[in-house]
Amino acid sequence: MTALAISGISRAHAAAAGCTLALCSMTAVPAAADGGTAGAKPTVVLVHGAFADSSSWDGVISRLERDGYPVVAAANPLRGLYNDSTYIASVLDSIKGPVVLVGHSYGGAVISSAAEGNPHVKSLVYISALMPDVGESGMSLAARFPSELGTATRSVPYRESGRSGTDLYLKRDKVHQVFAADLPESEANLLGDTQRPAATTAFSEKAKVAAWKHIPSWALVGRQDKTINPDQERFQAKRAGSHTVEINSSHVSLIAHPGAVADLIIQAAAGADSARPSLATSGAVNDLGSNTALARIAGASLAVGAGTVFVGRRLRRVRP
């Protein structure tokens, strides 16, 4: 199904009804969340993709916290772009001080809308993500850049108070091949068993704003991504003038390569810590090897420009 070609996955419990109303997982240091002192590091807000919850960021969070960053892993409701971006915007309103806003997969579309008009958001980071322009949707981007996800999903009607619609699920036998090829098959299968659904409106609703047009952005492209076409990720990043890095990863780079993802976020955070960086003029790509994490250069010059998923049980901390 074309609509699914742009969804995201990560790990977590598929626990039910808490999808829309789930509270954010707050790990921010209280002083930093309250504004902190001069020189305090920006708060990193992480937004997961479809079929996911915030535990998909576990490996990334541990690395960011080790470096002293306050973190908020927000619960993306997965009910539609307009609903979800409004909810995430309300989460941002609760945070004082500078913010680095990060989205994986469908979460990228959400942060592009949620950041609009918020002066505290200093940097946007897109991890194998959607970056729709005004008038675009996940469906329209997937039509231009097809991926294997179109044959890896199934539709299930749902009913809730006052409305009904269609939820999208991943086919269990496609999870490893299409979504998480660089994870062990047993782990990928468990992710399929514990997945959360995403409403079709998450992918059909067209973006009304595009915050990446005026907020500096960083982007990670997974060369082996079969969920979102890597050419789509490259096109979006170049169009946005994102500081871009490529790694040999499936769609779930935040799970399989948390070190590379955390280091890219730290680069974006360095921009929030100092003078506001300009948009990259070319979207130039920093090319990394398959198992190479980005060098930890949070304090280095931003001229370097380097810029699901599923959710399941907290199985284990993934390898660095």
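Please refer to the structure higher up on the page.
So, how was this worked out
Residues numbered from 1 in each chain as written. Predicted model: local features only at pLDDT ≥ 70, side-chain atom pairs only at ≥ 80, totals over all residues. Heavy atoms only, no water. Helix = DSSP H or I, 4+ residues; strand = E, 2+ residues; numbered from the N terminus. Buried < 20%, exposed > 50% of the residue type's maximum accessible area, 1.4 Å probe, protein only. Areas by Shrake-Rupley, 256 points an atom, 1.4 Å probe, with all protein chains shown as cover. Axes fitted to C-alpha atoms, helices over the stretch in contact; angles between N-to-C directions. Left-handed = near helix turned anticlockwise from the far one by under 90°. Contact = heavy atoms within 4.5 Å. Nonpolar A, V, L, I, M, F, W, Y, C, P; charged D, E, K, R; others polar. Pairing = 2+ DSSP bridges. Core = buried A, V, L, I, M, F, W, Y, C linked by side-chain atoms within 4.5 Å. Phe/Tyr/Trp six-rings, centres within 6.5 Å; stacked < 30°, edge-to-face > 60°.

(A) Just the overall build of the chain, in detail. Within the chain, the secondary structure is distributed over 12 helices and 11 strands. A burial count over the chain gives 58% of its 320 residues as buried. Carbon and sulfur atoms make up 54% of the accessible area of the chain, which totals about 11900 Å².

(B) The packing of helix α4 (residues 81–93) against helix α5 (residues 106–114), seen in detail. Running from amino to carboxyl end, α4 crosses α5 at an angle of 60°, the nearest separation of the two axes being 8 Å. The chirality of how α4 crosses α5 is right-handed. Across from L81, D84, S85, I88, A89 and L92 in α4, the residues of α5 making contact are Y106, A109, V110, S113 and A114. Taken together, the residues that form the contact of α4 with α5 break down as eight nonpolar, two polar and one charged.

(C) Representation of the pairing of strand β2 (residues 43–47) within the structure. Burial within β2 is extensive, with five of its five residues counted as buried. Here β2 shows two buried faces, one formed by T43, V45 and V47 and the other by V44 and L46. Note: β2 against strand β4 (residues 99–104), five bridges, orientation parallel. Residue pairing for β4: V47 is matched across the bridge by G103. Across four bridges, the pairing between β2 and strand β3 (residues 71–74) is parallel. Bridge pairing in β3 links L46 to A73.

(D) A look at the environment of I228. Take I228: it is sitting in the loop between β9 (217–222) and α10 (230–240). Considered as a pair, I228 and S128 are 100 residues apart in the sequence and their alpha carbons are 7.2 Å apart.

(E) Expanded view of helix α8 (residues 185–193). For α8, the complete set of buried residues consists of E187, A188, N189, L191 and G192. Elements in contact with the buried residues of α8: α7 (175–179) and α11 (253–256).

(F) Looking closely at the nonpolar core. Residues L101, Y106, L124 and I265 are the most contacted members of the largest nonpolar core, which totals 78 residues. Residues within four places of I265 in sequence aside, it is in contact with V44, L46, V60, L64, V100, V102 and V125.

(G) Quick look at the packing of aromatic side chains. Throughout the structure, instances matching the rule amount to two aromatic pairs. The interplanar angle of 75° and the centroid separation of 5.6 Å between the aromatic rings of Y106 and F203 together place this pair among those described as edge-to-face. Taken as a pair, Y106 in helix α5 and F203 in helix α9 (residues 201–204) lie far apart in primary sequence, 97 residues in all. Accessibility classification places Y106 together with F203 in one group, the buried group. Summarising the aromatic geometry, the rings of F145 and F235 are spaced 5.4 Å apart at their centres and angled 35° between planes, so their arrangement reads as tilted. Pair noted here: F145 is in the loop between α6 (138–144) and β6 (153–160) and F235 is in helix α10, with a separation of 90 residues, a long-range link.

Don't take any of this as a statement about function, it's just geometry.
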